[in-house]
Amino acid sequence: MEDKEPLAEPVHVGEKRTCPEEDSEHIAKRAKVQDEANGSHATKRTEDDKEELEGEEEEEALEECDGEGESFADMMKYGLSEVDVGICKFVSEHNGFSGILKERYSDFVVNEISKEGKIVRLDDLSVPAAPVDCQVLTEEQKQQLSDLQLFKNKERNVSIEVEDDSKEKRTLLHKAVKTSYPGLETKTEERDGKKFIVAYHAAGKKALAAPRKHSWPKNRGSFCHFVLYKENKDTMDAINVLSKFLRVRPNVFSYMGTKDKRAITVQEIAVLKISAERLAHLNKCLMNFKLGNFSYKKHPLKLGELQGNHFTVVLRNISGSDEQVEHAMTSLRATGFINYYGMQRFGTTAVATHQVGRSILQNNWSEVMDLILKPRPGAEKGYLVKCREEWAQTQDPEAALKKLPVKRCVEGQLLRGLSKYGKNNIITAFGLIPRNNRLMYIHSYQSFVWNTMVSRRVEAYGLKAVEGDLVLKGEACFIIHNSSSSIFTDTILILSSICVAVGKGYRDMLAADNLDIDNMRHKVKDYSLAGAYRRILIRPSDVSWEVIHYDDARVPLVYTDVEKLENKPLPVYLTEGKYRALKMEFSLPPSTYATMAIREVLKMDTSIKNQTQLNTVWLN
């Protein structure tokens, strides 16, 4: 049984919170932990205030970057555009129009689709009821037993008087103690003519070494599953925040997929042997998070188990007519979009992640080091700019590391490795970067090659399946031998082309990068590339849309799960307004990018570089 924590009045998402009955030192520690995890010392909670504060921090960082005081839009001109990563083609014939994506993070809402095919919603903040067995105990007895179990009381036992109780109730009491408080045993004693059930600690002091192991009810699944609602924070950052507040390691959490930062997202999380009560208590302590829909299960979650994601997206200040919007959305529903890897895969600065991945595969480690650490144009935090300048001038990893207040970033990890192992042992130094981050570079290069080749495939053959294409029909894959056998349909979907022309293109492209498509083994096993299939075309499901009129850009246009829980009024859409927005909903399978579906609708570049410039023009 977990520690009982004091309850407090509920606080809405977006408001300042502190956990009740904590002294000022604990409150300060919690605030510091959350500030570190959030990367911000902001205490205001409204979206506009948070974005304004983030903008002020960004401006400060940019002013430190160079003395010329370039604007964020000016600096983003050095960033990547879609053509830089092989994203070139469209499949629909409608005329495109402009619109602003993610002007506010609340314009982009993602709800995970579970492995059972249900859209994950946060709609219940209650904790599971206590087992029937436990209901024979009073609240005072439960507290005493919990304290005994965790060695928090000075007594060596807890005595429960049962003189007037029936044999059936005494049996239930024995069972309730043993099942709900693992590590405790019971016996019946008579004292001064009265009967008592005495609970005592069978595990002894060794239980202190692993309290969760000895305090978890035997009749409860080891994993508490819950729905996590979060705002403007990616999944790993959210897990780090939760783990710090719960004082556990991040690896006790599991999930089916990671979600982007600049969005409102809802997904299922599982955690090992943390009670729903403790998790629910975080709702009183954390900003921009809500936890609910608790249940206990015997298994964790696994990456990739989800069936996909459901998106609710608002594109603001659209220029297209109602007829253009209708044509674009009808085409998206009927034809779909090219399943490109989105811009998130490649980073936002002038040095793309796929360039680093290519150097790793080439075994060119000095270039890997150079690409990660060298100065680069574009929008970066001031301390990163100073770190890169120090590295360029001195090539001294320790000196460059001193310029970094945040040393857990990729640059900090690499510099730490170089300082520890020396510049002649770059492979080992690079290994200090977390494995997922290292593999990100390799996967980014794979994505770049795939994007480039699918653009060439569509340019050469359009949507028609041609001889040599690998297709999927039901559960079976096969190669097309007749070039006129089919086009894209609901039952036959091209996964990856191995036809002669495109197959030669793969070979030539890799050869140009000094790589052999027939031998992608790397001397470091982690960096050996395995092949995979990927659909060329994706058709979203559950597609719907409406055009909304609005006057105030600060007014939210999406009704979130938390607003529903709090019975807040629905957004009011104007019949006429200063601006128009396209609100769309659709579902996608795993590993597909909503931004690429939106790109097909707008027929415009969705990169941060282009969107920043578009937003700046509109604001001016």
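Scroll up for the structure.
Keep in mind it's a predicted model, so treat the numbers as computed, not measured.

How would you explain the overall build of the chain if you had to name every residue and give the values?
From N to C terminus, the chain includes 20 helices and 17 strands. Expressed as a percentage of the 620 residues in the chain, the buried residues total 49%. Within the chain, counting contacts between residues at least 6 apart in sequence, those at least 24 apart form 75% of the total. Accessible surface, the chain as shown: approximately 30500 Å² in total, 49% of it carbon and sulfur.

Could you give me a rundown of the pattern of salt bridges, with the residues and numbers involved?
A pair can form between side chains of opposite charge whenever their charged atoms are brought close. Applying the stated rule across the entire model yields 15 salt bridges. Glu82 is the partner of Arg599 in a salt bridge, and the nearest nitrogen-oxygen pair spans 2.7 Å. Of this pair, Arg599 sits in helix α19 (residues 594–602) while Glu82 sits in the loop between α3 (72–76) and β1 (100–101), placing them 517 residues apart in sequence. Among the residues examined, Arg599 registers a relative accessible area of 2% and is labelled buried. Relative accessible area serves as the criterion here: at 4%, Glu82 is assigned to the buried category. Taking the shortest distance from any N to any O, the salt bridge between Glu189 and Arg191 comes out at 3.0 Å. Salt bridges sharing common partners tie together Lys187, Glu189 and Arg191.

Just give me the short version of the packing of helix α12 (residues 382–394) against helix α14 (residues 410–421), but keep the residues and values in it.
Relative placement of two packed helices is described by the angle separating their axes and the distance separating the axes. Between α12 and α14, the least distance of the axes is 12 Å, while the angle of their chain directions is 30°. Taken together, the axes of α12 and α14 lie roughly parallel to each other. For the pair α12 and α14, the crossing hand works out as left-handed. When α12 is examined against α14, the residues Leu384, Cys387, Arg388 and Trp391 are found in contact with a partner set consisting of Glu411, Leu415 and Leu418.

With reference to specific residues and values, describe the state of the cysteines.
All told, the structure shown has zero disulfides when counted by the stated rule. Residue Cys387 stays outside any disulfide, its sulfur separated by 7.1 Å from that of Cys409, the closest cysteine.

Mind laying out the sheet that holds strand β5 (residues 194–201), listing which residues take part and the relevant values?
Taken together, the three strands give an open sheet; going across it, the order is β3-β5-β4, and neighbouring strands pair in antiparallel fashion. Looking at strand neighbours, the two that pair on one side only are β3 (157–161) and β4 (184–191), the edges of this open sheet. If you compare each strand with its neighbour and ignore which way they point, the axes differ by 25° on average. In this sheet, β5 lies alongside β4 in antiparallel orientation, the contact comprising eight bridges. When the sheet's bridge partners are listed, Glu189 is paired in β5 with Phe196. Its contacts with the sheet place helix α5 (residues 167–180) against β4 and β5, and it is angled at close to 145° to β4.

Quick rundown of the environment of Glu190? Include the residues and the values.
Relative to the helices and strands, Glu190 resides in strand β4. The spatial distance from the C-alpha of Glu190 to the C-alpha of Val162 is 10.0 Å, given a sequence separation of 28 residues.

Mind laying out a negative patch on the surface, listing which residues take part and the relevant values?
Negative charge collects at one region of the surface, where Glu161, Glu163, Asp164 and Glu190 lie side by side. Residue position: Glu161 is located in strand β3. Residue Glu161 is classed as partly exposed on the basis of its relative accessible area of 43%.

Mind laying out the packing of helix α10 (residues 353–361) against helix α16 (residues 435–461), listing which residues take part and the relevant values?
At their nearest, the axes of α10 and α16 sit 7 Å apart, and the two run at 100° to each other. Regarding the angle of α10 to α16, the classification is roughly perpendicular. Here Thr353, His354, Val356, Gly357, Arg358, Ile360 and Leu361 of α10 lie close against α16, whose contacting residues are Arg438, Met440, Tyr441, Ile442, Ser444, Tyr445 and Phe448. Classifying every residue of the contact of α10 with α16 by side-chain character gives eight nonpolar, four polar and two charged.

Lay out unusual backbone geometry with the relevant residues and their values.
With a phi angle near 65°, Asn288 is a residue other than glycine that sits in the positive phi range. Topologically, Asn288 is positioned in the loop between α8 (276–281) and β9 (289–297). Accessibility expressed as a relative area gives 7% for Asn288, which makes it buried. Positioned with a positive phi, Ser591 is a non-glycine residue whose angle comes to about 65°. Structurally, Ser591 is set in the loop between β17 (579–588) and α19. A relative accessible area of 56% means that Ser591 is categorised as exposed.

Reading guide: rules and limits
Residues numbered from 1 in each chain as written. Predicted model: local features only at pLDDT ≥ 70, side-chain atom pairs only at ≥ 80, totals over all residues. Heavy atoms only, no water. Helix = DSSP H or I, 4+ residues; strand = E, 2+ residues; numbered from the N terminus. Buried < 20%, exposed > 50% of the residue type's maximum accessible area, 1.4 Å probe, protein only. Contact = heavy atoms within 4.5 Å. Areas by Shrake-Rupley, 256 points an atom, 1.4 Å probe, with all protein chains shown as cover. Salt bridge = Lys/Arg side-chain N within 4 Å of Asp/Glu carboxyl O. Axes fitted to C-alpha atoms, helices over the stretch in contact; angles between N-to-C directions. Parallel < 35°, antiparallel > 145°, perpendicular 65-115°, else oblique. Left-handed = near helix turned anticlockwise from the far one by under 90°. Disulfide = S-S within 2.5 Å. Pairing = 2+ DSSP bridges. Patch = residues over 30% accessible without salt bridge, like charges linked within 9 Å, V, L, I, M, F, W, Y side chains within 5 Å. Lys, Arg positive; Asp, Glu negative; His and termini not counted. Charge placed at Lys NZ, Arg CZ, Asp CG, Glu CD. Nonpolar A, V, L, I, M, F, W, Y, C, P; charged D, E, K, R; others polar.

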